Amino acid sequence: MNAKYNLGWSNTFSYKGAQLYFLIDGKIGGKIVSFTEAYMDRAGVSQRVANARNNATANNLTWTSPQGDIYPALYMPDGQLAPVEEYYKSIGGDINASQYVYDATNFRLRELSLGYTLYDLFGKSKNLSLSFVARNLFFLYKDAPLDPETSISTQNGLGNIDIFSLPTTRSYGFSVSMSF
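Each value, and the rule that gives it
- Residues numbered from 1 in each chain as written.
- Predicted model: local features only at pLDDT ≥ 70, side-chain atom pairs only at ≥ 80, totals over all residues.
- Heavy atoms only, no water.
- Core = buried A, V, L, I, M, F, W, Y, C linked by side-chain atoms within 4.5 Å.
- Buried < 20%, exposed > 50% of the residue type's maximum accessible area, 1.4 Å probe, protein only.
- Helix = DSSP H or I, 4+ residues; strand = E, 2+ residues; numbered from the N terminus.
- Pairing = 2+ DSSP bridges.
- Contact = heavy atoms within 4.5 Å.
- Axes fitted to C-alpha atoms, helices over the stretch in contact; angles between N-to-C directions.
- Phe/Tyr/Trp six-rings, centres within 6.5 Å; stacked < 30°, edge-to-face > 60°.
- Lys NZ or Arg CZ within 6 Å of the ring centre and 35° of its normal.
- Salt bridge = Lys/Arg side-chain N within 4 Å of Asp/Glu carboxyl O.

(A) Structural context of the nonpolar core. Among the nonpolar cores identified, the biggest contains 16 residues, and Leu74, Val84, Tyr87, Tyr88, Tyr100 and Tyr102 are the most heavily contacted of them. Every element with two or more residues in this core is listed here: strand 3 (31-34), helix 2 (47-58) and helix 3 (84-92). Per element, the largest residue contribution to this core is four residues, and it comes from helix 3.

Written as structure tokens, this is what we have:
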């Protein structure tokens, strides 16, 4: 589950009293498992299942049971037709969740701040700095359909597992600092 490489790059650009700071970090490698997607597929309420049903209707794909019942169908990876509902119940109920393992490689803009320092505002070497700070703004790259840093616990063995986890918090704020 752990990334093979963890990378980060931060830089500050300053011009007169203004500063622009950013932090980009990323991870290369590792895996993430989404039990949320598996559960939603099994229950038939995911967008993936809806798309499969719509595709079956649009392309007139049907599967007929031995009793003569007709169901919307899809092509399985082996090329055979299967009923949409049964297919997703089957793969969504697989305890190994192999259909829901994704590459956790990602790069994101972790932090961005824009600030201005008023030098000698309160006397010699007494400065006031004001900054707007934003964290977890967006992904520059990610292959998984969810945040690869999702975790159900802080224990080492439970990282990169998603079971209806809350999304990563994006935050905005202001910083005021004074130096004397």
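Moving on, there is more to tell.
(B) Representation of the sheet that holds strand 3 within the structure. In spatial order, the strands read 7-3-10; together these three strands make up an open sheet with mixed pairing. In this open sheet, the two strands that pair with only one neighbour each are strand 7 (101-103) and strand 10 (161-162). Contacts between helix 1 (residues 35-43) and the sheet are confined to strand 3, strand 7 and strand 10, with strand 3 contributing the most and set at about 30 degrees to the helix.

(C) Spotlight on the packing of aromatic side chains. This structure, assessed with the given rule, holds eight aromatic pairs. On the numbers, 5.7 Å between centres and 75 degrees between planes, the contact of Tyr39 with Phe164 is edge-to-face. Taken as a pair, Tyr39 in helix 1 and Phe164 in the loop between strand 10 and strand 11 (171-179) lie far apart in primary sequence, 125 residues in all. For Phe164, a relative accessible area of 49% gives the class partly exposed. Centroid distance Trp63 to Tyr71: 6.3 Å. Interplanar angle 35 degrees. Geometry classified as tilted. Classification of Tyr71 as partly exposed rests on a relative accessible area of 35%. By way of ring pairs, the aromatic residues Trp9, Phe13 and Phe22 are connected into one cluster. One cation-aromatic arrangement involves Lys142 over Phe139; the distance from NZ or CZ to the ring centre is 5.0 Å.

(D) Local environment of the environment of Leu112. Looking at the element boundaries, Leu112 is found in strand 8 (residues 106-118). The exposure class assigned to Leu112 is partly exposed, which follows from its relative accessible area of 30%. Sequence separation between Leu112 and Tyr21 is 91 residues; the distance between their C-alpha atoms is 5.6 Å. If sequence neighbours within four positions are ignored, Leu112 has contacts with Leu20, Tyr21, Phe22, Phe132, Val133, Ala134 and Leu137.

(E) Looking closely at the pattern of salt bridges. Enumeration according to the criterion identifies nine salt bridges in this entry. A salt bridge links Lys27 to Glu149, with the nearest nitrogen and oxygen atoms 3.9 Å apart. Here Glu149 lies in the loop between strand 9 (127-142) and strand 10 and Lys27 lies in strand 2 (residues 18-28), a separation of 122 residues in the sequence. Residue class for Lys27 comes out partly exposed when judged on its relative accessible area of 29%. Overall, the relative accessible area of 28% leaves Glu149 in the partly exposed class. Bridged by salt links that share partners, the residues Asp25, Lys27, Arg108, Arg110, Asp147 and Glu149 form one connected network.

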